[in-house]
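Analysis of the macromolecular model
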Amino acid sequence: MAPNYPIKKCQNCGMYFIPNTKTDEVYCDYPKENLKPCRELGAFQSYTERLKNNKAMGEYRRTYQQKFMQVKKDKNKAKNFEKWKKQAKDKINDMKKGKLTEKEVYEWILKNK
């Protein structure tokens, strides 16, 4: 009896593919722009689209990057950065669960930069 391989449609390019490892893969391995596969391109494009569409996530990413660069310059800020990062992730998770609104999280991030 032949194995039963799932056939998926890539969420990035629309081509059909058979997943290599996980059956819940959503992007194919076919090379596209700059010889990168949809698995790399699609995930990145999806992430950047989420950042554009969600003010809180976009502000979290900008603030995270700023704080991370400050820690690279001054290691004494690492403790405060780790504390902020944990609190921010908790707020983001609460937003995803519906416990907080996008606006509430956005305002918290602005207030706690």
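Located above this text is the structure these notes cover.
Source: prediction; values computed, not measured.

1. Notes on the pattern of salt bridges
- All told, the structure shown has seven salt bridges when counted by the stated rule.
- Arg39 serves as the salt-bridge partner of Asp29, at 3.1 Å between the closest nitrogen and oxygen. In this pair, Asp29 sits in the loop between strand 2 (16-17) and helix 1 (38-53) while Arg39 sits in helix 1, placing the two residues ten residues apart along the sequence.
- Given the relative accessible area of 32%, Asp29 is considered partly exposed.
- Residue Arg62 is joined to Glu59 by a salt bridge in which the shortest nitrogen-to-oxygen separation is 3.1 Å.

2. Things to note about the packing of aromatic side chains
- Applying the stated criterion across every chain, the model contains five aromatic pairs.
- When the ring of Tyr60 is compared with that of Trp84, the centres are 5.7 Å apart and the planes differ by 15 degrees; the resulting orientation is stacked. Of this pair, Tyr60 sits in helix 2 (residues 55-73) while Trp84 sits in helix 3 (residues 78-97), and the two are 24 residues apart along the sequence.
- Accessibility expressed as a relative area gives 4% for Trp84, which makes it buried.
- Three or more aromatic residues link up through ring pairs in this structure, and these residues are Tyr60, Tyr64, Phe68, Phe81 and Trp84.
- Directly above the aromatic system of Tyr106 lies the positively charged group of Lys55, at a separation of 4.3 Å from the ring centroid.

Rules behind the numbers
Residues numbered from 1 in each chain as written. Predicted model: local features only at pLDDT ≥ 70, side-chain atom pairs only at ≥ 80, totals over all residues. Heavy atoms only, no water. Salt bridge = Lys/Arg side-chain N within 4 Å of Asp/Glu carboxyl O. Helix = DSSP H or I, 4+ residues; strand = E, 2+ residues; numbered from the N terminus. Buried < 20%, exposed > 50% of the residue type's maximum accessible area, 1.4 Å probe, protein only. Phe/Tyr/Trp six-rings, centres within 6.5 Å; stacked < 30°, edge-to-face > 60°. Lys NZ or Arg CZ within 6 Å of the ring centre and 35° of its normal.

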